[in-house]
Amino acid sequence: MEPPPPLRAAVMGFDLPLGRDIASCRRRIEQMERLLEGSLVVPGVGRKVGLDAIAGLVPVVGDLITAAMGAYIVWEARNLGMSRWHLVRMGGNVAFDSAIGAIPLLGDAFDFFYRSNSRNLKIIRRYLDKHHPETRLIEQ
């Protein structure tokens, strides 16, 4: 008898597995990074941006929301059992992005180029590929 398929939620085109297993956690982190850093393409430029750059245009509130969403990625990494060093490094990426992103105009341009959540996803992927290689997905 096969185990039941994992619970999933589809929200705005993002497939979010609700399980507590490592593969589901990895997928949630990847989808959150996609939402924050690359869910839309800027017309004419062809560069992907996400909620981090767009919400950063709203002073204070937008930066707080995206900082909380970036902190969620760090929290998920903690649940994966990553080392304190990795968590501090990832938290530093989010804090740096939030601090510079809060500066009017300069912060908006900064959010367009500095992608703290993508950096954190790289750290998580390296960890998972080393310690949980069965969760790797082949990118298409």
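Quick notes on the rules
Residues numbered from 1 in each chain as written. Predicted model: local features only at pLDDT ≥ 70, side-chain atom pairs only at ≥ 80, totals over all residues. Heavy atoms only, no water. Phe/Tyr/Trp six-rings, centres within 6.5 Å; stacked < 30°, edge-to-face > 60°. Buried < 20%, exposed > 50% of the residue type's maximum accessible area, 1.4 Å probe, protein only. Lys NZ or Arg CZ within 6 Å of the ring centre and 35° of its normal. Axes fitted to C-alpha atoms, helices over the stretch in contact; angles between N-to-C directions. Helix = DSSP H or I, 4+ residues; strand = E, 2+ residues; numbered from the N terminus. Parallel < 35°, antiparallel > 145°, perpendicular 65-115°, else oblique. Left-handed = near helix turned anticlockwise from the far one by under 90°. Contact = heavy atoms within 4.5 Å. Nonpolar A, V, L, I, M, F, W, Y, C, P; charged D, E, K, R; others polar. Salt bridge = Lys/Arg side-chain N within 4 Å of Asp/Glu carboxyl O. pLDDT = per-residue confidence, 0-100.

What about the packing of aromatic side chains?
Here's step 1: Tallied over the full model, the rule gives five aromatic pairs.
Here's step 2: Ring plane angle 15° and centroid distance 5.0 Å describe the contact between Phe110 and Tyr114, whose orientation is recorded as stacked. Residue Phe110 shares its accessibility class with Tyr114, and that shared class is buried.
Here's step 3: Plain terms: the ring middles of Phe112 and Phe113 are 5.1 Å apart, the flat faces sit at 90° to each other, and that makes the pair edge-to-face.
Here's step 4: Taking relative accessible area as the criterion, Phe112 reaches 21% and is therefore assigned partly exposed.
Here's step 5: Exposure remark for Phe113: the relative accessible area of 59% places this residue in the exposed category.
Here's step 6: An aromatic cluster is present here, built from Phe96, Phe110 and Tyr114 joined pairwise through their rings.
Here's step 7: Positioned over the ring face of Phe112 is Arg47, at 5.2 Å from the centre of the ring.

A few points about the packing of helix 1 (residues 22-37) against helix 6 (residues 116-131)
Here's step 1: Axis separation between helix 1 and helix 6 bottoms out at 9 Å; the angle between their running directions is 160°. The orientation of helix 1 with respect to helix 6, classified from their angle, is roughly antiparallel. For the element pair helix 1 and helix 6, the recorded crossing hand is left-handed. When helix 1 is examined against helix 6, the residues Ile22, Arg26, Ile29, Glu30, Glu33, Leu36 and Glu37 are found in contact with a partner set consisting of Ser116, Asn117, Ser118, Leu121, Ile124, Arg125, Leu128 and Asp129.
Here's step 2: Tallied by class, residues from the contact of helix 1 with helix 6 come to six nonpolar, three polar and six charged.

A few points about the pattern of salt bridges
Here's step 1: Taken as a whole and assessed by the stated rule, the structure comprises five salt bridges.
Here's step 2: Between Arg26 and Asp129 there is a salt bridge whose closest N-O contact spans 3.2 Å. Remark: Asp129 occurs in helix 6 and Arg26 occurs in helix 1; sequence separation between them is 103 residues.
Here's step 3: A salt bridge links Arg27 to Glu30, with the nearest nitrogen and oxygen atoms 3.7 Å apart.

Here's the deal with the confidence of the model for the protein
Caution is warranted with low-pLDDT regions, since their predicted coordinates should not be read in detail.
Here's step 1: Residues of the protein with pLDDT of at least 70 account for 86%, and the chain-wide mean is 84.
Here's step 2: Considering each helix and strand of the protein separately, the mean pLDDT is smallest for strand 1 (residues 8-11), with a value of 54, and largest for helix 4 (residues 84-101), with 95.

A few points about the packing of helix 1 against helix 3 (residues 61-79)
Here's step 1: For the pair helix 1 and helix 3, the least separation of the axes is 10 Å and the interaxial angle reads 160°. By the angle between their axes, helix 1 is roughly antiparallel relative to helix 3. As helix 1 packs across helix 3, the resulting crossing turns out to be left-handed. Across from Cys25, Arg28, Ile29, Met32, Glu33, Leu35 and Leu36 in helix 1, the residues of helix 3 making contact are Thr66, Met69, Gly70, Tyr72, Ile73, Glu76 and Ala77.
Here's step 2: In the contact of helix 1 with helix 3, the residues fall into nine nonpolar, two polar and three charged.

Concerning the environment of Glu134
Here's step 1: Following the sequence through the fold, Glu134 ends up in the segment after helix 6.
Here's step 2: C-alpha of Glu134 to C-alpha of Ile22: the two residues are 112 residues apart in sequence and 9.4 Å apart in space.

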